[in-house]
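Architecture and fold: a report
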Amino acid sequence: MALAKPDLPAKNLISLFTSLDNLIASWGYTAIGETWEQVNYNPQLHQADSDDIQEGELVYIRFIGYEDGDKVLYPAKVSCTLPGGYN
């Protein structure tokens, strides 16, 4: 959200996450999608915020997940809608 709305005070925190991203990459983990990316729902990779989301339905990634090769360590959390105020 800080990247989408640069006037938020949280924009100053973005640089702190670069080190974390580098550490995760050095461990060989890969991200499952990008925040607010629209993807087809895959129950193997995603955790839906509602029970009525069907496989293949378009959803938005709200929280990035991580995998180690073929093993999902933490599924990406997805939703059918974007949060209010996000364009």
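In this report, the structure presented in the accompanying data block is examined. Residue numbers here run from 1 along each chain, matching the order of that chain's written sequence. Local features in this predicted model are restricted to residues of pLDDT 70 or higher, and side-chain atom pairs are both shown and tallied only at a pLDDT of 80 or more, whereas totals for entire chains, interfaces and linings draw on every residue. In computing side-chain properties, one takes all heavy atoms of the structure into account and sets aside hydrogens as well as water.

1. Some thoughts on the pairing of strand 4 (residues 58–63)
Sheet topology note: the strand 2 (residues 38–40)/strand 4 ladder contains three bridges and is antiparallel. Bridging across to strand 4, Val 39 finds its partner in Val 59. Paired strands, in this sense, are two strands between which DSSP finds at least two bridges. Starting at the N terminus, helices and strands are each numbered in turn, a helix being any DSSP run of H or I of at least four residues and a strand any DSSP run of E of at least two. Looking at chain direction, strand 4 and strand 7 (residues 76–79) are connected through three bridges and run antiparallel. Within strand 7, the position partnered with Phe 63 by the bridge is Lys 77.

2. Looking at a negative patch on the surface
The grouping of Asp 49, Asp 51, Asp 52 and Glu 57 at the surface amounts to a negative patch. Structurally, Asp 51 is set in the loop between strand 3 (46–48) and strand 4. Note on Asp 51: relative accessible area 82%, which makes it exposed. Nonpolar side chains (Val, Leu, Ile, Met, Phe, Trp, Tyr) are joined into patches within 5 Å and like charges within 9 Å, using only residues with over 30% relative accessible area and no salt bridge. Method for areas: the Shrake-Rupley scheme with a 1.4 Å probe, in which residue coverage is limited to the protein chains shown. Every case where a carboxyl oxygen of Asp or Glu lies within 4 Å of a side-chain nitrogen of Lys or Arg is listed as a salt bridge. In summary, the charge assignment counts Lys and Arg as positive and Asp and Glu as negative, without counting His or the chain termini. Throughout, a charge is located at the NZ atom of Lys, the CZ atom of Arg, the CG atom of Asp or the CD atom of Glu. Each residue's exposure class comes from its accessible area (1.4 Å probe, protein chains only) as a fraction of the maximum for that residue type: buried when under 20%, exposed when over 50%, partly exposed otherwise.

3. Things to note about the sheet that holds strand 1 (residues 30–32)
Taken together, the three strands give an open sheet; going across it, the order is 1-5-6, and neighbouring strands pair in antiparallel fashion. Each having just a single partner strand, strand 1 and strand 6 (71–74) make up the two edges of the open sheet. Across the sheet, the mean angle from the axis of one strand to that of its neighbour is 40°, orientation sign disregarded. Every angle, taken between N-to-C directions, lies between 0 and 180 degrees, and every axis is a line fitted to C-alpha atoms, over only the stretch in contact when it is a helix.

Purely geometric numbers; function is a separate question.
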